[in-house]
Amino acid sequence: VNSAAALGGTMSGRQATWYISWTLTFIAILTSITVLHRAYLALRCQRWVAIVGTILILPQLGTSVITMLYSYTYMGDHYGCTTTYGHTLAVYWLAAIMPINVLFSAIFCYVAYAQYRRSTLEAWRRLARDGIQVMCLVILCNIVCNALTVSQRFGEFSEMFFVFDG
């Protein structure tokens with residue numbers, strides 16, 4: 001299904017960039033809210049988790065605004081409509097997403113470690129250990145992708161690490 005047709009007509013490359021930006025931001029926020037809900041339940045409904053988590057999720061709204069202000073959309077010779085995201089977006093995304101990821105990771109590790117200490121079953125111990133290892137790999141992937149995007153190590157292709165991380 002063509003997204004332009006679904007919206008009732010055709011759209012320019014810039015409009016498509018804005019549409020995709022707002023959609024991806026909305027999806028990222030919904031994902032964060034879902035994980036926040038799980039963290040809230042895992043810590044037995046402690047109110048501070050909901051308050052701090054909500055405050056840390058709100059900066060993600062700015063991603064679309066930064067995209068609208070600092071991205072350039074142009075018609076290329078070989079690829080058609082192309083969008084180049086400014087360095088500001090990568091830095092902003094890093095600043096917006098890392099605090100909430102650190103909070104979620106800390107909560108997950110705390111819960112997994114608490115299960116590990118309470119459990120007498122070897123299966124729970126292994127599950128907790130494996131879960132902590134997977135979470136550490138996810139955090140490492142997030143940090144590496146964000147660092148490569150911000151550092152612009154691969155030039156214009158550095159933006160692909162932003163996509164890969166999402």
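Preceding block: the structure.
Residues numbered from 1 in each chain as written. Predicted model: local features only at pLDDT ≥ 70, side-chain atom pairs only at ≥ 80, totals over all residues. Heavy atoms only, no water.

Caption draft 1: Up close: the overall build of the protein. Scanning the protein from terminus to terminus reveals seven helices and two strands. Along its sequence from the N terminus, the protein presents helices and strands in the succession α-α-α-α-β-β-α-α-α. Here the protein holds 166 residues, and 29% of them are scored as buried. Excluding contacts between residues fewer than 6 apart, the proportion of contacts in the protein whose partners are at least 24 apart in sequence is 58%. As displayed, the protein has an accessible area near 11000 Å², and 68% of this comes from carbon and sulfur atoms. (Helix = DSSP H or I, 4+ residues; strand = E, 2+ residues; numbered from the N terminus. Buried < 20%, exposed > 50% of the residue type's maximum accessible area, 1.4 Å probe, protein only. Contact = heavy atoms within 4.5 Å. Areas by Shrake-Rupley, 256 points an atom, 1.4 Å probe, with all protein chains shown as cover.)

Caption draft 2: Region of interest: the nonpolar core. Among the nonpolar cores identified, the biggest contains 14 residues, and Leu36, Val49, Ile57, Ile97, Ile100 and Ile107 are the most heavily contacted of them. Those elements that provide at least two residues to this core are helix H2 (13–42), helix H3 (47–57) and helix H5 (87–118). If sequence neighbours within four positions are ignored, isoleucine 100 has contacts with Gly53, Leu56, Ile57 and Gln60. (Core = buried A, V, L, I, M, F, W, Y, C linked by side-chain atoms within 4.5 Å.)

Caption draft 3: Looking closely at unusual backbone geometry. A positive phi angle is found at arginine 44, which is not glycine, with a value near 60°. Inspection of the secondary structure assignment puts arginine 44 in the loop between H2 and H3. Looking at arginine 44, the relative accessible area reads 67%, which means it is exposed. One non-glycine residue, glutamine 152, lies in the positive phi region at around 60°. Among the secondary structure elements, glutamine 152 is positioned in the loop between helix H6 (122–151) and helix H7 (159–165).

Caption draft 4: Layout of the packing of H2 against H5. As a packed pair, H2 and H5 sit with axes 10 Å apart at the nearest point and diverge in direction by 25°. Between H2 and H5, the angle falls in the class roughly parallel. Remark: the crossing between H2 and H5 carries left-handed chirality. The residues of H5 that touch H2, namely those facing Ala28, Ser32, Val35, Leu36, Ala39 and Ala42, are Trp93, Phe104, Ile107 and Val111. Residues of the contact of H2 with H5, tallied by class, amount to nine nonpolar, one polar and no charged. (Axes fitted to C-alpha atoms, helices over the stretch in contact; angles between N-to-C directions. Parallel < 35°, antiparallel > 145°, perpendicular 65-115°, else oblique. Left-handed = near helix turned anticlockwise from the far one by under 90°. Nonpolar A, V, L, I, M, F, W, Y, C, P; charged D, E, K, R; others polar.)

Caption draft 5: View of the environment of tyrosine 40. The topology assignment puts tyrosine 40 in helix H2. When the C-alpha atoms of tyrosine 40 and glycine 53 are compared, they prove to be 9.1 Å apart, with 13 residues separating the residues in sequence. Leave out the neighbours within four places in its chain, and tyrosine 40 touches Cys45, Gln46, Arg47, Val49 and Ala50.

The values are spatial; any link to function lies outside them.
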